[in-house]
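Report on the structure
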Amino acid sequence: MSGQERLPRLPINKLENAIEDFLRAAEPLLPPDEFAATKQSAQEFLDNEGPRLHKMLVEYDEDDGRNSYLEVLKGMLVS
């Protein structure tokens, strides 16, 4: 992790774009019925809690002193 502060910050995609990318990657891996259910779940996320969580992520990332929003994810995975 040394030198991490010298790396460029990773951008946060627009929520809609992230969901589109996820669905595009998932489609060839899932049977049609599972993909339809996944697509429906993704739409529900976009229509409900997704925008609030995305806003929280953007605000977290904009906080001074943070290298990347991935710091929080790393902490979650290590715990």
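What this report covers is the structure whose coordinates are included nearby. (Residues numbered from 1 in each chain as written. Predicted model: local features only at pLDDT ≥ 70, side-chain atom pairs only at ≥ 80, totals over all residues. Heavy atoms only, no water.)

Here we come to helix α1 (residues 15–26). Between its first and last C-alpha, α1 extends 16 Å over 12 residues, near the 16 Å set by a 1.5 Å rise per residue. Those residues of α1 not exposed but buried are Leu15, Ile19, Leu23 and Ala26. Seen end-on, α1 carries its buried residues on one side only, within an arc spanning 70 degrees. Residues of α1 that are buried make contact with α2 (32–47) and α3 (49–62). (Helix = DSSP H or I, 4+ residues; strand = E, 2+ residues; numbered from the N terminus. Expected span 1.5 Å × (residues − 1). Buried < 20%, exposed > 50% of the residue type's maximum accessible area, 1.4 Å probe, protein only. Arc of directions from axis to C-beta. Contact = heavy atoms within 4.5 Å.)

The next point concerns the pattern of salt bridges. Tallied over the full model, the rule gives 2 salt bridges. The partner of arginine 24 in a salt bridge is aspartate 21, with the nearest N and O atoms 2.6 Å apart. With arginine 24 and aspartate 21 both in helix α1 and 3 residues apart, this pair spans about one turn of that helix. Assessed through its relative accessible area of 54%, arginine 24 is described here as exposed. (Salt bridge = Lys/Arg side-chain N within 4 Å of Asp/Glu carboxyl O.)

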